[in-house]
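Summary of structural features
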Amino acid sequence: MTLTRREFVGGLASACLLCGCRSGGSPLPATPPAADPPPAEPPATPDPAPSPSAWTIDIPDGCHALDGQAKISLEGAGDILVWRDRAGYHAIEATCTHRGGEVFYDPEARLIWCSSHGSKFFFDGSVACGPATEPLAAFRVTESGGRLEVTRTSR
């Protein structure tokens, strides 16, 4: 099919009107598309509750007698070893930093020792002899009215 010049120009004019062209050949300003809503912010997550650094506990069974010891679990601190000597009550992290063995209070040596590989620790958690190289978390313990106030002092 062959178009005449008149048909061609008429069709072009119609197309321009439909597309919004102006006489200068520039397109009419288009209506900006509706803006997308801003991306939703992720829901605010509350800050995690800080781990406690102090606890009040009953004196554990096994710790009433001199040189007695017991393992207990504190929320936010994990398992701790509590013992009593002539100076009072003490507490330390109950898991060796070397390979996760259990630690115990040795009243004769006045040290904390790991039954798995023989590491020894002082009451402040520092390493007395390896193979452990990292200290244990230590806690300050005070007795008040038949209960113990346990406060994290390191780590």
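Look a little higher up for the structure.
First, a word on what this report is: a plain description of the structure on this page. Quantities reported herein were computed from a predicted structural model and do not represent experimental measurements.

**Some words on the packing of aromatic side chains**
Under the criterion given, the structure shown has five aromatic pairs. Here the aromatic residues Trp83, Tyr105 and Phe123 are joined through ring pairs into a cluster of three or more.

**Let's talk about the nonpolar core**
By size, the foremost hydrophobic cluster in this structure holds 16 residues, and its most contacted members are Ile57, Leu74, Ile80, Val82, Phe139, Leu148 and Val150. Of all the secondary-structure elements, those providing two or more residues to this core are strand 1 (54–58), strand 2 (69–74), strand 3 (78–85), strand 4 (88–93), strand 9 (138–144) and strand 10 (147–152). Considering each element in turn, this core owes the most residues, three residues, to strand 2. Among all residues touching Leu148, those that are not within four sequence positions of it are Trp55, Thr56, Ile57, Ile59, Pro60, Val82, Tyr89, Val141, Thr142 and Glu143. Among the nonpolar cores identified, the runner-up in size contains 13 residues, and Cys96, Tyr105, Cys114 and Leu136 belong to it.

**Notes on the environment of Ser115**
Mapped onto the fold, Ser115 is located in the loop between strand 6 (111–114) and strand 7 (120–121). Sequence-wise, Ser115 and Phe104 are 11 residues apart; in three dimensions their C-alpha atoms are separated by 7.5 Å. Not counting residues within four places of it along the chain, the set of residues in contact with Ser115 comprises Glu102 and Phe104.

What counts as what
Residues numbered from 1 in each chain as written. Predicted model: local features only at pLDDT ≥ 70, side-chain atom pairs only at ≥ 80, totals over all residues. Heavy atoms only, no water. Phe/Tyr/Trp six-rings, centres within 6.5 Å; stacked < 30°, edge-to-face > 60°. Core = buried A, V, L, I, M, F, W, Y, C linked by side-chain atoms within 4.5 Å. Buried < 20%, exposed > 50% of the residue type's maximum accessible area, 1.4 Å probe, protein only. Helix = DSSP H or I, 4+ residues; strand = E, 2+ residues; numbered from the N terminus. Contact = heavy atoms within 4.5 Å.

Any functional reading would require information beyond the geometric quantities listed.
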